[in-house]
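These are the residues of each chain, in order.
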Amino acid sequence: MQRDELVVTRPEQARALQDTGFLGRFLEPASPSDAARALGMPANLAHHHARRHASLGLLMEVKRERGRIYYQLAARTFKHHRSLLPAGDPDEHTAVTLRQLKERFLAAYQACDRMEDGQNPNWHVYGFDREGIPEVLRGRGVETVSEARPAHFQARTLSLTPDRYRELVRRIANLILEAEAEDGPQAEPCTLAFLAMDGVLQEGSADSHYMASFVPAGEPGDEPQSWDL
């Protein structure tokens, strides 16, 4: 039976968890051949990965049907202590992820830019105090862009106490995790990335903010939804 959460305790399990693209195909029962077709990889390689992940306790066999073995994730969420991986492993994985984020975001940004029809502004906003950014999303009464989930980038440097910083990070992280998955013909995957760090991005940039967004403004007078952060 699939667990809600599983704590892994072996380094080889922690390293295997970085294969998120493959493991993500088994949230529901699926055969390695199903995963191979979805990911565009050779079937024999998919079967090899599935057997390995099963031997590590990350996948579990749930049924056999017409000569096929169906696997499912052993848990919906996995976690391990950071000390489980040797020094350098998490940094390497983070570096790869950041590079992928950069590449995919720039591709999404360029796709939105190509769709720009001159009626919908591509907002580039620079601010140097504690006000301003909300006004852009609050609205100028423009039309919606043709892209269903337009690219959006936002960076802000604030002065916060350590306790306020940690609480803000926890709340934003939980907000992303708690976002409800939607069903229906218009519901498709999208990626939200959240970064936080100590210090300023550039010297002299305290209380500055920058936003480049294709998300359209709302109707005049619309107020942004409050998330009580």
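Source: prediction; values computed, not measured.

Caption draft 1: A look at the packing of helix α3 (residues 32-39) against helix α4 (residues 43-55). Contact geometry of α3 with α4 gives a least axis separation of 8 Å together with a crossing angle of 125 degrees. Between α3 and α4, the angle is such that the two are oblique. Once α3 is placed against α4, the crossing between them reads as right-handed. Contact residues: α3 offers Pro 32, Ser 33 and Ala 36, while α4 offers Ala 43, Ala 46, His 47 and Ala 50. Looking at side-chain class alone, the contact of α3 with α4 contains five nonpolar, two polar and no charged residues.

Caption draft 2: Region of interest: the packing of aromatic side chains. The final tally for this structure, using the stated rule, is three aromatic pairs. With a centroid separation of 5.2 Å and an interplanar angle of 55 degrees, the aromatic rings of Phe 22 and Phe 26 are classed as tilted. Judged by its relative accessible area of 0%, Phe 26 falls in the buried class. Between Phe 105 and Phe 153, the ring centres sit 6.2 Å apart and the planes meet at 55 degrees, which makes this aromatic pair tilted. Highlighted residues: Phe 105 in helix α5 (residues 89-115) and Phe 153 in strand β6 (residues 152-156), separated in sequence by 48 residues. Note on Phe 153: relative accessible area 35%, which makes it partly exposed. An aromatic cluster of three or more residues is present, and its members are Phe 105, Tyr 109 and Phe 153.

Caption draft 3: Representation of the environment of Met 41 within the structure. Structurally, Met 41 can be placed in the loop between α3 and α4. Setting aside residues no more than four positions away along its own chain, Met 41 makes contact with Phe 22, Ala 36, Ala 46 and His 49.

Caption draft 4: Molecular detail of α3. Along α3, the residues classified as buried are Pro 32, Ser 33, Ala 35 and Ala 36. All buried residues of α3 fall inside an arc of 160 degrees around its axis, so they share one side. Next to the buried residues of α3 lie α2 (20-23), α4 and β3 (68-73). Positive backbone phi, approximately 65 degrees, marks Gly 40, located one or two places after α3.

Analysis parameters
- Throughout, residues of each chain are indexed from 1 in the direction in which the sequence is written.
- Given that this is a predicted model, residues contribute local features only at a pLDDT of at least 70 and side-chain atom pairs are listed and counted only at 80 or more, while totals for whole chains, interfaces and linings are drawn from all residues.
- Computation of side-chain values: all heavy atoms of the structure, hydrogens and water removed.
- The axes used here are C-alpha line fits, helices contributing only the stretch in contact, and every angle between their N-to-C directions lies in the interval 0 to 180 degrees.
- Secondary structure is summarised from DSSP: a helix means a run of H or I of at least four residues, a strand means a run of E of at least two, and numbering begins at the N terminus for each.
- Here roughly perpendicular refers to angles of 65 to 115 degrees, roughly parallel to angles under 35, roughly antiparallel to angles over 145, and oblique to all remaining angles.
- Note: crossing handedness is left-handed where the near helix turns anticlockwise from the far helix by less than a right angle, and right-handed where it turns clockwise.
- Only heavy atoms enter the contact rule, under which two residues are in contact if any of them lie within 4.5 Å.
- Side-chain classes follow a simple rule in which Ala, Val, Leu, Ile, Met, Phe, Trp, Tyr, Cys and Pro form the nonpolar group, Asp, Glu, Lys and Arg form the charged group, and the remainder, Gly included, forms the polar group.
- Side-chain rings of Phe, Tyr and Trp, where Trp is taken by its six-membered ring, are said to pair if the distance between their centres is within 6.5 Å; with planes under 30 degrees apart they count as stacked, over 60 as edge-to-face, and otherwise as tilted.
- Relative accessibility under 20% of the residue-type maximum defines a buried residue, over 50% an exposed one, and the middle range a partly exposed one, all with a 1.4 Å probe and only protein chains included.
- Of all possible arcs, the one meant is that of the directions from the helix axis to the C-beta atoms.

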